[in-house]
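Results of the structural survey
So the chains spell out like this:
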Amino acid sequence: MLVKLHTAVLIPGTPAVPGYPETPARPGYTVCGPSTDGEWREVCSTVLLPLADGAIVLPPGVTNYEVISVDGIPLVSFYICRTEWVPAPGSGQTQCTDYPPQEYRPGKLPTPAVPARIEYQVELGWTAGANSEQALDGDVRCQFDMPAVVGVAVGLIPDIEGDVTNLDRLPHALYFFQDATARPRVAVMESGRLASADMPYAAGDVFDIRRVGGQVEYLHNGGRVHVSASVSIGPVRVGCALWASGDNIP
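Rules of the game
- Residues numbered from 1 in each chain as written.
- Predicted model: local features only at pLDDT ≥ 70, side-chain atom pairs only at ≥ 80, totals over all residues.
- Heavy atoms only, no water.
- Patch = residues over 30% accessible without salt bridge, like charges linked within 9 Å, V, L, I, M, F, W, Y side chains within 5 Å.
- Areas by Shrake-Rupley, 256 points an atom, 1.4 Å probe, with all protein chains shown as cover.
- Salt bridge = Lys/Arg side-chain N within 4 Å of Asp/Glu carboxyl O.
- Helix = DSSP H or I, 4+ residues; strand = E, 2+ residues; numbered from the N terminus.
- Disulfide = S-S within 2.5 Å.
- Buried < 20%, exposed > 50% of the residue type's maximum accessible area, 1.4 Å probe, protein only.
- Lys, Arg positive; Asp, Glu negative; His and termini not counted.
- Polar contact = N/O pair within 3.5 Å; in protein donor to acceptor, adjacent residues only side chain to side chain.
- Contact = heavy atoms within 4.5 Å.
- Core = buried A, V, L, I, M, F, W, Y, C linked by side-chain atoms within 4.5 Å.
- Pairing = 2+ DSSP bridges.
- Axes fitted to C-alpha atoms, helices over the stretch in contact; angles between N-to-C directions.

It is worth spelling out a nonpolar patch on the surface at this point. The grouping of M1, V3 and L5 at the surface amounts to a nonpolar patch, some 360 Å² of accessible area in total. Secondary-structure assignment places M1 in the segment before β1 (2-3).

Structure follows, in structure tokens:
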């Protein structure tokens, strides 16, 4: 069986989009207060502490020290650094900050990520076809049954190379299609042109294209429906072209 396949199309995925809560409307306002400008600075100094009952007691983290005597009093001397907040000049004066009004914004639910996927779409057009591997000369006969299809042309072609999707290359063929109400129809097609009136057929009907003594005739379920006015000579193959994805020739 020869089948025209569907076209595989990659649909890219989309990343997740976070949501956000509702933002209520709010009028503008002003906040005033003392200025707190300044900076943190490291301040180091020497500290003298008396001995506590003859014992040396130091703040945590202090390891370097010495015992000195001031006016006959023994003291522990050590150097320590600390961080202090140093206000900027003018700090403490009243400073006001204006906040603009805020418009209402509705909240939005988060959107989950969507993975990429492959969709199979119907392809329309004479973009698929084939030739038989075998070529025959003399009196020949091509017989086949046909399902309901959107568009298929099949018949005898000269034993030459060519575009398998070109209907003009089919000098003696049958053209299968559907009418406006999707009923199967068939007509004789020769070199891309209709050579007979179309007629109804049912899926599974048997068709013959025969060449005897150079004359070509067409049969439907054993009954002759048309005799070609053009002569066929030389080796021939069976050629076909398909219009829509899913169209096939058994």
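Picking up where we left off.
Tallied over the full model, the rule gives two disulfides. C44 shares a disulfide with C81; S-S distance 1.8 Å. As the torsion about the S-S bond is roughly 110°, the C44-C81 disulfide counts as right-handed. Placement of the pair is C44 in strand β4 (residues 38-50) and C81 in strand β6 (residues 73-87), with a sequence separation of 37 residues.

Let us now look at the side chain of D205. In this fold, D205 is placed in strand β16 (residues 205-212). Although D205 is buried, it makes no salt bridge; R185 carries the closest opposite charge, 11 Å away. Engagement of the side chain of D205 in a polar contact is seen with the backbone nitrogen of A202, the distance being 2.9 Å. Polar contacts involving the side chain of D205 include one to the side chain of H220, which spans 2.9 Å. Those residues in contact with D205 that sit more than four places away from it in its chain are F144, D145, M146, H220 and N221.

Judged by nonpolar contacts, the single largest core of 23 residues is most densely connected at F144, M146, L174, F176 and F207. If you list the elements that add at least two residues to this core, you get β10 (140-146), β11 (151-158), β12 (172-178), β13 (184-190), β16, β17 (215-220) and β19 (236-244). Per element, the largest residue contribution to this core is four residues, and it comes from β10. Not counting residues within four places of it along the chain, the set of residues in contact with F144 comprises V154, L174, F176, D205, V206, F207 and I209. Counting nine residues, the second-largest nonpolar core is a separate cluster that includes I157, L167, A173 and Y175.

Pairing in this open sheet of four strands is antiparallel, and the strands run β10-β16-β17-β18 from one edge to the other. Edge positions in the sheet fall to β10 and β18 (223-227), since each has one partner strand and no second. Neighbour-to-neighbour, the strand axes of this sheet turn through a mean angle of 20°, independent of strand direction.

Look at any regular strand and the pattern is simple: side chains alternate between the two faces of the sheet. With six bridges connecting them, strand β5 (residues 65-70) and β6 associate as antiparallel partners. Bridge pairing in β6 links E66 to S77. With antiparallel pairing between neighbouring strands as the criterion, β5 and β6 make up a hairpin whose turn holds two residues, including D71 at a positive phi of roughly 55°.

Attention now moves to the environment of H172. When you line up the elements, H172 lands in strand β12. Exposure remark for H172: the relative accessible area of 2% places this residue in the buried category. Distance from H172 to A135, taken between C-alpha atoms, is 15 Å for residues 37 residues apart in sequence. Sequence-distant contacts of H172, that is, excluding residues within four places in its chain, are made with G155, L156, M189, E190, I209, V216, Y218, S228, S230, V231 and S232.

Oppositely charged side chains are able to pair whenever their charged atoms sit close together. All chains considered together, the criterion is met by nine salt bridges. Note that E39 and R41 form a salt bridge whose closest N and O atoms lie 2.6 Å from each other. The exposure class of R41 is partly exposed, given its relative accessible area of 44%. Across the pair R117 and E119 runs a salt bridge, and its minimum N-O distance is 3.0 Å. Taking the relative accessible area as the measure of exposure, E119 reaches 29% and is therefore partly exposed.

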